[in-house]
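Chain and residue survey
Listed below are the residues making up each chain.
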Amino acid sequence: YPGSPKRNVDPEVTLLTFLRKNRILLIKVWAVSVGGCGACTVMVSKRDPLSTKIRHFSITACLVPICSLYGAAVTTVEGVGSTNTRLHPVQERIAKSHGTQCWFCTPGMVMSMYTLLRNHQQPSEEQLLEALGGNLCRCTGYRPILAGGRTFCHFLPFIKICTELFAEDEFQPLDPTQELIFPPELLRMAEKPEKQTLTFRGERVTWISPGTLKDLLELKAQHPEAPLISGNTSLGPAMKSQGHFQPVLLSPARIPELSVVSKTSDGLTIGAGCSLAQVKDILAERVSELPEEKTQTYRALLKQLKTLAGPQIRNMASLGGHIISRHCYSDLNPVLAVGNATLNVISEEGTRQIPLNEHFLAGLASADLKPEEILESVYIPHSQKWEFVSAFRQAQCQQNALADVNAGMRVLLREGTDTIEDLSISYGGVGATTISAQKSCQQLVGRPWNELMLEEACRLLLEEVSLPGWAPGGKVEFKRSLVVSFFFKFYLEVLQALKKLAKFLPVSDGHHYPEISDQFLSALEDFPITGPQGVQRYQSVDSRQALQDPVGRPVMHLSGLKHATGEAIFCDDIPTVDRELFMVLVTSTRAHAKIISIDWSEALELPGVVDVVTAEDIPGTNGTEEDKLMAADEVLCVGHIVCAVVAETDVQAKSAAGKIKITYEDLEPVIFTISDAIKHNSFLCPEKKLEQGNVEEAFEKVDQIVEGEVHVGGQEHFYMETQRVLVIPKAEDKELDIYVSTQDPAHVQKTVSSTLNIPINRITCHVKRVGGGFGGKVGRPAVFGALAAVGALKTGRPVRLVLDREDDMLITGGRHPLFGKYKVGFMNNGRIKALDIECFLNGGCMLDDSELVTEFLILKLENAYKIRNLRFRGRACMTHLPSNTAFRGFGFPQGTLITESCITAVAAKCGLPPEKIREKNMYKTVDKTIYKQAFSPETLIRCWNECLDKSSFHSRRRQVEEFNKKNYWKKKGMAIVPMKFSVGFAATSYHQAAALVHIYTDGSVLVTHGGNELGQGIHTKMLQVASRELKIPMSSVHICETSTAMVPNTLATAASVGSDVNGRAVQDACQILLKRLEPIIKKNPEGTWEDWIEAAFEQRISLSATGYFRGYKAFMDWEKGEGDPFPYYVYGAACSEVEIDCLTGAHKKIRADIVMDVCCSLNPAIDIGQVEGSFIQGMGLYTTEELKYSPEGVLYSRGPDEYKIPAIADIPEEFNVSLLPSSQSPPTIYSSKGLGESGMFLGSSVFFAITDAVAAAHRERGIAEDFTVRSPATPEWVRMACADRFTEMIPRDDPKTFKPWSIPIA
Ligand SMILES: Cc1cc2nc3c(=O)[nH]c(=O)nc-3n(C[C@H](O)[C@H](O)[C@H](O)COP(=O)(O)OP(=O)(O)OC[C@H]3O[C@@H](n4cnc5c(N)ncnc54)[C@H](O)[C@@H]3O)c2cc1C
Ligand code: FES
């Protein structure tokens, strides 16, 4: 956009909005988040004015203002390649290595990898990992994505991964000469940069980009309040979430002076405009040039830069923006502060220096920039001999997560001695900004660097860096512990460095440094960032199987290539339809209150606002009594939908929603926690109970009894595609077309019908594909569909509703948190004789699926164990939180954690390893479950034995013990868990499916069935079925969408049986058709498929058939406590090994081995993908995913920055999956079992490995075993569980004396 002034670009528009509105970019992340997930990654290319080279770097389009891209070239996934022209090797390899499931993350992954390859044709493994560090995937478990990426690396790992699932030699080579060149026009512009100021004026905001430093300073003097917009990674999120508004924005992007780097003999000056990625390169270069003693501060900064955000953010964020933002979590400011960095500031008045010290960081006016000044550069001095600088950080995850606490520490010792001459310590995360422990440091000057000083330092630091019990962000005791743990690490690091130095000193000078015991050395090492490697094993198809028959082969996801090119279409990709309106929901800010009034007058006056929809506008029923669509007169949780605004645009609807005034009258009681619900007798449904044997009597005869508690936190689905729907009313007969992202279109259809009071046959729901569901799109989409339909009916116009990530997380609920109490009676040899479990789920404010989840939980609670005397009781509590709902595993992952915790408790009491207790109590022969369903555990035992064998469990167990003996501050842990998982629904009517298969006269086949493509590959599997049955290639068969008009009365794609039951329906339809064709084929056996179809048409044979699967019988009689509720079981076992850092709570997943029984896999690539993805999702549930609620019931964790799903660096270093060769014939399609959910629970092996490591620390320290189990095992939990002299030092608060920042709800 050359020329000036610019009126056509709105400074408030981000690159993502611009691309979406102009339909350039098919990225579906419209409303995903602000910079945290990497799904909207694109590549920016710019000519660097100083080096004159073209720089290619990845960024997240959602944070970049379009105005900041003046002179830059942007490459999106569509620009890289397409299925119509030429696929780029990156796209091809991600797709063919099965690195895409739901697709939502794929374009971002492609662009991160593509950018890497533009800079490094043969990247190293480390570079590949770094490049993908800012991209989240919720489906795959990352292993296959890396497998695709690794094919570009110059170093291929020793263990060749995934080679059986794709053929590497089929890949087209990477040819850099085929890449897009930097546009010559932009090159010309960059070579002769304009000096004049560019101005972009939007409706509310003006963007001014001067061409010279002089002009910038002049403008800053004219607009002292205007921020300098550099990377926008700090300003952008603040403007979005906190509503900060700035009418004038000054861009320093075109000022070369701000990118200057100068090296002197005593330090390094880096321009404030350099990106953090550039800073990283500059520092690395300097470190390689200078002696180690001079680069202490640079090394510490580099350490922080490795894990600070993802590469996209580091590419955008500037050093100046980072320092000036003074975020409390800043990773660099503590190091810069202790490293005595100086800020060179400049204004029209001239230049001056400000020390980057505690006064600047505290924002004291006397130590800060003046409004007319800007930061030009930062001077970082070299360190000197006898000076040591270190950096520390601990976050929920190793990478791409804001630190809970970070620190910079520097000590200068008197030459040749251990006497402290100067000491600086700064902490982040423990106050409103970076805090310097100045007083403590002063008091320690002159002290020798020894244990006494350490003790004193910890005491002083805890006094000076004091955190109140109510501190925002919570985790107070953890943070206090980190304050001293980090100092201890620093203490050891300096001792270690002194030991090295001492070697060069005369013996008389060096001998007095305290020794570090070998056992303590492991405290010094940070866990490396690694990516998963491993082997995937599966049974190959019979050599006699026809080559054309795709069943059992690792066929690529049907839409894989379209995923990788961005061509796959989702619900929100449907272009704006004529007169379309956008709906935004208005939700309650109170947990339990009466609605007194809703005043929308101000909202209606805003431009573009068309109407407001409330419960009164619903012509039919407002949901059910237990589950209302919209609050009528009472709200039951924060996030309860009260009304909705419809406006011409999303922006208008959002600003109008903010103007709606709702007055409430608070009601009692207000219940958030399970314990409060129990106290108030607040339940959503009656108790579910199963019992066998005589529990009380058995307890009397056992050697020992243990009682314990288990608390399992909830889980957010975090599907990458948030909830969305488009309702288009038709002109006639009240017909509606609904495009919706759902696992259950028939449920949306039915709900819309009852809400609008029109027959079901007027409503058609269409689902092309869904960007991840995991259970969260079974029930909830019906609510959004119904509300949008009410809006469409009221206005007579199409209505689109797309939840942004914050609202989605706030409104939709997730996995039920659980509280369980157990009493287990056992013999001294570990045989369990009696088990009594009572558990409670936090169901939230409405019934939803809570009763069913409770039933499933109770049915599945015994897992793989035969215990003669059992009592299981469960209830769902009604609380004033958003209603929880279905989630992959449906109660099993939470419930079974109690059972497995009983096992570990018994093991601890018997002094035996948990695996022995598991083995002893596992089902061994054909038997009956607690609900008296007969089954054979043969496959369970095979899985267990194979897992023990494949993981070399026993020898590694010994190695772990050896490691633990030698290391005090790091501990390893191992655990192996067995699994018996029942698939399907406990009701016969839920096991039916239909399909419609048409053969057209050209021989092409269209299949429609009742399942929905959620990324799990159901459509691919259905084509495999059709191809085998009709004996035609998969390429002749097509699936267009799931539509209620094509296949009616469908059931939710859930409970792991989707592919199975729909596969049977497709099979049935194909067999009907083939039967009809048989006479024709017989007559002309040499004919082609096309010949037979032509003949059939001539002979008036119908070429369309409905297939039907009448399903499995399943029932459960809760009165009698018996039934045949499940069609079959999936068995499995997983073994995990972890290492924990007792001082920080960090954990590294070293290895996971999974053996899963799929019997005869329909598609091993897809099935292994399901196993890996669900295992990692389970690992997230049990280790990092933590929902935080305020004492008022407000959910804090509403985005990827506060809620941490596993990232690439969290995956086990070695990750092996074996599909057990078949030995039985389950009654399923081609004997293939459904694997959608089962892997989730196997993720608990990581949890038990962590608790095993903690138990090792307990044993060493003589700490009594605690039988209260808490999931997730976050770094906070691990650190606090590994009690030591440092945790003993920290002050503890009396919980009665303050209101905590957050409350536990399980
Ligand atoms: C997803 C995400 C993850 C993150 N993770 C981390 C993390 O792990 N660790 C961490 O430490 N940080 C993290 N951050 C924060 C990030 O480091 C900062 O947002 C970033 O460094 C700010 O730089 P910017 O150029 O984008 O600033 P901007 O947003 O452009 O500006 C921020 C402020 O700085 C001022 N400013 C900018 N340049 C100058 C100048 N030259 N002179 C005077 N004032 C100036 C502006 O006026 C504005 O007030 C993360 C941010 C995001 C979005
Ligand atoms: S494929 Fe990665 S989020 Fe779905």
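Residues numbered from 1 in each chain as written. Chains lettered and ligands numbered in written order. Predicted model: local features only at pLDDT ≥ 70, side-chain atom pairs only at ≥ 80, totals over all residues. Heavy atoms only, no water.

For the protein chain, an unreviewed UniProt entry supplies the name FAD-binding PCMH-type domain-containing protein and the organism Neovison vison. Per UniProt, the protein chain has the following entry under Subunit (unreviewed entry): "Homodimer." Word for word, the UniProt comment on the protein chain under Sequence similarities (unreviewed entry) is "Belongs to the xanthine dehydrogenase family." (UniProt positions renumbered as here; feature names shortened; annotations may be inferred.)

Digging into the overall build of the protein chain
Along the backbone of the protein chain there are 40 helices and 45 strands. The C-alpha radius of gyration of the protein chain comes to 31 Å, within 12% of the 34 Å expected for a compact globule of 1306 residues. Seen through its principal axes, the protein chain has C-alpha atoms that stretch 95 × 80 × 70 Å. When each of the 1306 residues of the protein chain is scored for burial, the buried share is 64%. Across the protein chain, contacts joining residues at least 24 apart in sequence account for 78% of those joining residues at least 6 apart. As displayed, the protein chain has an accessible area near 46,600 Å², and 51% of this comes from carbon and sulfur atoms. Considering the protein chain, the positive charge centre built from 137 side chains and the negative charge centre built from 154 side chains are found 3 Å apart. (Helix = DSSP H or I, 4+ residues; strand = E, 2+ residues; numbered from the N terminus. Rg over C-alpha atoms; globule rule 2.2 N^0.38 Å. Buried < 20%, exposed > 50% of the residue type's maximum accessible area, 1.4 Å probe, protein only. Contact = heavy atoms within 4.5 Å. Areas by Shrake-Rupley, 256 points an atom, 1.4 Å probe, with all protein chains shown as cover. Lys, Arg positive; Asp, Glu negative; His and termini not counted. Charge placed at Lys NZ, Arg CZ, Asp CG, Glu CD.)

Here's the deal with the site of ligand 1
Around ligand 1 there are 32 residues in total, and Ser230, Thr233, Leu235, Ser318 and Asp331 lie nearest to it. Note that an oxygen atom of ligand 1 is positioned 2.9 Å from one of the backbone N or O atoms of Ser234. One nitrogen or oxygen atom from the side chain of Arg393 is found 3.3 Å from an oxygen atom belonging to ligand 1. Isolated, ligand 1 exposes 980 Å² of accessible area, and the fraction of that covered by the protein chains is 91%. Of all the secondary structure elements, the ones that give two or more residues to the shell around ligand 1 are helix H13 (319-325) and strand E11 (374-381). When residues of the shell around ligand 1 are assigned to their parent elements, the largest contribution, five residues, is made by H13. Residues of the shell around ligand 1, tallied by class, amount to 17 nonpolar, 13 polar and two charged. (Near = heavy atom within 4 Å. Polar contact = N/O pair within 3.5 Å; in protein donor to acceptor, adjacent residues only side chain to side chain. Nonpolar A, V, L, I, M, F, W, Y, C, P; charged D, E, K, R; others polar.)

Overview of the sheet that holds strand E20 (residues 634-635)
What the three strands build is an open sheet, ordered E20-E18-E22; its pairing is antiparallel. One side of each edge strand has no neighbouring strand; the edge strands of this open sheet are E20 and strand E22 (661-666). (Pairing = 2+ DSSP bridges.)

Some details on the packing of helix H33 (residues 1018-1030) against helix H34 (residues 1058-1083)
A pair of packed helices is captured by two measures, namely the crossing angle of their axes and the spacing between those axes. Their axes nearest at 9 Å, the elements H33 and H34 cross at an angle of 30 degrees. Classified by the interaxial angle, the pair formed by H33 and H34 is roughly parallel. The element H33 and its partner H34 pack so that their crossing is right-handed. For the pair formed by H33 and H34, the contact residues are Ile1018, Lys1021, Met1022, Val1025, Ala1026, Glu1029 and Leu1030 on the first element and Gly1058, Ser1059, Asn1062, Gly1063, Val1066, Gln1067, Cys1070, Gln1071 and Leu1074 on the second. Class assignment of the residues belonging to the contact of H33 with H34 gives a composition of eight nonpolar, six polar and two charged. (Axes fitted to C-alpha atoms, helices over the stretch in contact; angles between N-to-C directions. Parallel < 35°, antiparallel > 145°, perpendicular 65-115°, else oblique. Left-handed = near helix turned anticlockwise from the far one by under 90°.)

So, the UniProt feature "active site" (unreviewed entry) in the protein chain
Within the UniProt annotation, "active site" (unreviewed entry) is assigned to Glu1237. Setting aside residues no more than four positions away along its own chain, Glu1237 makes contact with Arg888, Gly889, Phe890, Phe981, Ala1055, Ser1056 and Ser1174. Of the polar contacts made by the side chain of Glu1237, one reaches the backbone nitrogen of Gly889; its length is 3.0 Å.

Remarks on unusual backbone geometry
In this chain, Glu668 is followed by Pro669 through a cis amide linkage whose omega measures -10 degrees. Mapping Pro669 onto the fold places it in the loop between E22 and helix H23 (674-679). Looking along the chain, the bond that leaves Ser1271 and enters Pro1272 is cis, with omega of 5 degrees. Take Pro1272: it is sitting in the loop between strand E45 (1268-1271) and helix H39 (1275-1281). Here Ala309, not a glycine, exhibits a phi torsion of approximately 50 degrees, which is positive. Along the chain, Ala309 turns up in the loop between helix H11 (296-307) and helix H12 (311-316).

Quick word on the environment of Ala277
Turning to its location among the elements, Ala277 is positioned in helix H10 (residues 276-289). Spatially, the C-alpha atoms of Ala277 and Leu375 are 18 Å apart, while their sequence positions differ by 98 residues. With residues near it in sequence (within four places) discarded, Ala277 still touches Arg314 and Asn315.

Re the state of the cysteines
According to the stated counting rule, one finds zero disulfides in the structure shown. With no disulfide of its own, Cys765 has Cys571 as its nearest cysteine by sulfur position, at a separation of 11 Å. Exposure remark for Cys765: the relative accessible area of 0% places this residue in the buried category. Here Cys877 is not disulfide-linked; the sulfur of Cys685 is the nearest cysteine sulfur, at 9.1 Å. Given a relative accessible area of 0%, Cys877 falls into the buried group. (Disulfide = S-S within 2.5 Å.)

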